[in-house]
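Architecture and fold: a report
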Amino acid sequence: MSDRKEFRDLADPERARETVASLDLSAGSERVPLEAARERVLAERVDADLDVPGFDRAAMDGYAVRAPDTYGADDSPVTLPVVGSVHAGETPDVSLDAGEAAEISTGAVMPEGADAVVIVERTEEVTGNEVDDDSQSDRAVRVERAVTPGENVMLAGADVAAGERALGPGTRLTPREIGLLSALGVDEVPVRTKPRVAIVSTGDELVRPGGDLDSGAGQIYDVNTYAVASAVEEAGGDPVVYPHVGDDMEAMETTLVEAAGDCDLVLTSGSTSASAVDVVYRVVEERGELLLHGVAIKPGKPMLVGRIDGDGDATGGDADSEGGELGAAYVGLPGYPVSALTIFRTFVAPAIRSAAGLPEPQTARVDGRMAAAERSEEGRRRLLAVGLVEAESGETLVYPVDKGSGATTTLTAADGVVDVPADTNALAAGDPVTVDLFSPEVRPPTLLGVGEDDPALSRLLDRLDRPRYLARGSRGGLRQLRDGLPDVAVVAGPFDAEREAVADAVDLGGWTREWGLVVPDGNPEGVEGLGDLVDRDLSFVNRGTESGLRTSLSNALAELAEERGVDRRDVTDSISGFELAARAFESPARSVAAGDADVGLGLRATASKLGLGFVPVGTQSVRVLANPERMDKASVRAVDDRLGDLADVLGGLDGFESE
């Protein structure tokens, strides 16, 4: 009787794909030094523990000034005495009083008293008898253009703010992300452990490259071992090469059981053909479970899928309830190299990438169309950093990503660049463009969100697959939703007028958050409400005008002004620091914690997190609005599902409740 194993009832490719995908190749997580983290995948979210930059710094060469001292300079130049100089990397030894200026270099710490920089091209040095006789300085500068508070200044936390969600789980760490982590001072990161993959080539005829080959005896060089090992590494696995095994049942069993005990996946190549020497499937049947034998695909019909028990002394494999070893996943590849690599690429590589947290690869260039207009300086070639988002139709939309040349987050938020020729001064919405991707593996995020930054939102994003979120404030989110760019916009506070412009947006749900004034622990100044900001000499840190918190504060101050029978502007002008705002929701509170401000605009949850005091002012609604044209997109449906039960998202966040 023949021992031949016939291929009967060949599995269709989809069933084969599902069978391989069902094998658990996950190897857990580990912490690695930052220098060893390139191309690894984050297992957990990384939040910023400090502001980047950690100080207010000059964004241009010029003169540090008090902005009000320059008002009117557009019509009549203003001359200011220069009381000193500040260079990058040094502590300022000057401070500015009203009517004074200090020469400053790009990247230098802003001196005390200064709130803006006049670029050097808009000034002229004044010397000799042109210097004011009353000045204590022998230098002066003529300012030819007025500046506003914060102009040409990169505020502390403007690139990355302390407490901000810097990188989320599932992020692949390229040199761009490594740069961001370096800027944050992170020296060790939690990453997914690469699945260990055993490579075992089988067949009596094989000789490893470099060995002596007897062609007359039918020997051939072992092509598959190193080819498959390289493919495993490219897919994100950790290949472990074993000596090749001949067609001997006992030797095969010993090697495969050892490999199953040490690795998450065992790959063999060869000895899967329907012949009398086909022993691999018998080992799998006797020492594990054979799930599939043969697939209806060419090339690659002789494919095996199953599991192999470990030897009980191994580091790999999952323990069963009786303390035994459930073993490793197993895939048998055909012997012919083309077939082996075809089957690997089609069925196995996606499973390894999934276990390692890596996306499916794409080509290095993609065609799309601009989702928004972008102006460019004519006469200079420009490599425009762009992000990608996929429309429901599958079309690729391209949007500019530019937070300034000094911002490392520009790189991590972008997918590639568009080469804009020197003779092009603008790209219009709808223009076709070709994007050079940063790597062939780049894909558009599954979800693109824009709008308000919020701690509950950060948690929600953690529960989604590869989202991207642009924290551009509630107003920015509504604007971009109106233009059709994001999949969702997150909006906090009352924006009735802006909401009319996106009346067809779908409200998926949301939550409420308590906002107010963050003060030092114990509230040493005895702050009781907004009236104290107006009536007392308290330093205050605000949020930007795009923020929903800023809008709620402005509305509350307008009500206070009406109660007092005064103009709203009189109220805001009385608050020290009202106009110079921080970018992220934790920034004002962190200024209070550092002793740099008496009061900050913020959330109860932030005050609790940082151990600070809190004076409640109101409750604010946070809503997630969906682009009506993307409602059938899988990631939007996933957001909708998550918003149905927010218990795990809001748990432990003081002042947050479901709506």
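Predicted model only: the values in this text are computed from it and were never measured.

**Let's talk about the layout of surface pockets**
Space inside the second largest pocket adds up to approximately 940 Å³. Residue assignment for the lining of the second largest pocket shows that the elements contributing at least two residues are strand S32 (540–543), strand S33 (581–582) and helix H14 (587–593). Looking at which element gives the most residues to the lining of the second largest pocket, the answer is H14, with five residues.

**Quick look at the sheet that holds strand S23 (residues 382–390)**
Strand order in the closed barrel formed by five strands is S21-S24-S23-S25-S27, with mixed pairing between adjacent strands. Strand after strand, the sheet turns through a mean of 50 degrees between neighbouring axes, direction not considered. Where strand S21 (residues 365–370) meets strand S27 (residues 432–437), five bridges bridge the pair, whose relative direction is antiparallel. Bridge pairing links aspartate 367 to threonine 434 in S27.

**Some words on a negative patch on the surface**
Judged by side-chain charge, Glu392, Asp504, Glu629 and Asp632 come together as a negatively charged surface patch. In this structure, glutamate 629 sits in the loop between strand S35 (613–626) and helix H16 (634–643).

**A word on the sheet that holds strand S20 (residues 328–333)**
If you trace the six strands from one edge of the open sheet to the other, you get S16-S13-S17-S20-S19-S18, paired in mixed fashion. Only two strands of the sheet have a single partner each, and these edge strands are strand S16 (238–241) and strand S18 (288–293). Adjacent strand axes in the sheet meet at a mean angle of 20 degrees, parallel and antiparallel pairs treated alike. Where strand S17 (residues 265–269) lies against S20, five bridges are found, and the strand directions are parallel. Each residue of the ladder has a partner; that of threonine 268, found in S20, is glycine 332.

**Topic: the environment of alanine 373**
Here alanine 373 is to be found in the loop between S21 and strand S22 (374–375). Distance in space between the C-alpha atoms of alanine 373 and tyrosine 399 is 8.4 Å, their sequence separation being 26 residues.

**Things to note about the pairing of S32**
Residues Phe540 and Asn542 of S32 are buried on one face, and the alternating residues Val541 and Arg543, pointing to the opposite face, are buried as well. Taken together, the two bridges between S32 and strand S34 (residues 599–603) define a ladder with parallel strand orientation. In the strand pairing of S34, valine 541 is matched with glycine 600. Of the strand pairs in this sheet, S32 and S33 are connected by two bridges, and their pairing is parallel. Each residue of the ladder has a partner; that of arginine 543, found in S33, is alanine 582.

**Brief notes about empty space enclosed by the protein**
Counted under the stated rule, the structure contains one cavity of 30 Å³ or more. Within the residue set of the lining of the largest cavity, elements represented by two or more residues are helix H8 (455–462) and strand S30 (488–492). At three residues, H8 tops the list of elements feeding residues into the lining of the largest cavity. Along the lines of polarity and charge, the residues of the lining of the largest cavity split into ten nonpolar, no polar and no charged.

**Considering the packing of helix H4 (residues 249–262) against helix H5 (residues 280–287)**
For the pair H4 and H5, interaxial distance at closest approach is 10 Å and the crossing angle is 55 degrees. Overall, the two elements H4 and H5 adopt an arrangement that is oblique. Viewed along their axes, H4 and H5 form a crossing whose handedness is right-handed. In this structure, H4 contributes Met249, Met252, Glu253, Leu256 and Val257 to the contact, and H5 contributes Val280, Arg282, Val283, Glu286 and Arg287.

**Here we look at the pattern of salt bridges**
For the coordinates displayed, the defined rule picks out 38 salt bridges. Between aspartate 573 and arginine 569 there is a salt bridge, with the nearest N and O atoms lying 3.2 Å from each other. Taken together, the positions of aspartate 573 and arginine 569, both in helix H13 (residues 568–573) and four residues apart, correspond to about one turn of that helix. Of the residues examined, arginine 569 reaches a relative accessible area of 42% and is grouped as partly exposed. Across the salt bridge formed by glutamate 586 and lysine 609, the nearest N and O atoms sit 2.8 Å from each other. Highlighted residues: glutamate 586 in the loop between S33 and H14 and lysine 609 in helix H15 (residues 604–610), separated in sequence by 23 residues. Residue class for glutamate 586 comes out buried when judged on its relative accessible area of 3%. Here the salt bridges do not stand alone but share partners, grouping Arg45, Asp47, Arg165 and Asp462 into one network.

**Considerations on the environment of proline 169**
With respect to the helices, strands and loops of the structure, proline 169 is situated in the loop between strand S11 (165–167) and helix H2 (175–183). In this structure, the C-alpha to C-alpha distance between proline 169 and serine 339, residues 170 residues apart in sequence, is 35 Å. What proline 169 contacts, discounting residues up to four positions off in sequence, is Leu42, Ala43, Glu44, Arg45 and Asp462.

**Observations regarding the confidence of the model for the protein**
Averaged over every residue, the pLDDT of the protein is 87; the share at 70 or more is 90%. Every residue in residues 273–277 scores below 50 in pLDDT, and together they form ten contacts with partners more than four places removed in sequence or on other chains. Scored below 50 in pLDDT, residues 312–325 shows 22 contacts in the model against residues more than four places distant or in partner chains.

Rules behind the numbers
Residues numbered from 1 in each chain as written. Predicted model: local features only at pLDDT ≥ 70, side-chain atom pairs only at ≥ 80, totals over all residues. Heavy atoms only, no water. 1 Å grid on protein atoms, 1.4 Å probe; cavity = no way out; pocket = protein on both sides within 12 Å on 5 of 7 lines; lining within 4 Å. Points joined across faces, edges and corners; volume = space filled by probe spheres on them. Helix = DSSP H or I, 4+ residues; strand = E, 2+ residues; numbered from the N terminus. Pairing = 2+ DSSP bridges. Axes fitted to C-alpha atoms, helices over the stretch in contact; angles between N-to-C directions. Patch = residues over 30% accessible without salt bridge, like charges linked within 9 Å, V, L, I, M, F, W, Y side chains within 5 Å. Areas by Shrake-Rupley, 256 points an atom, 1.4 Å probe, with all protein chains shown as cover. Salt bridge = Lys/Arg side-chain N within 4 Å of Asp/Glu carboxyl O. Lys, Arg positive; Asp, Glu negative; His and termini not counted. Charge placed at Lys NZ, Arg CZ, Asp CG, Glu CD. Buried < 20%, exposed > 50% of the residue type's maximum accessible area, 1.4 Å probe, protein only. Nonpolar A, V, L, I, M, F, W, Y, C, P; charged D, E, K, R; others polar. Parallel < 35°, antiparallel > 145°, perpendicular 65-115°, else oblique. Left-handed = near helix turned anticlockwise from the far one by under 90°. Contact = heavy atoms within 4.5 Å. pLDDT = per-residue confidence, 0-100.

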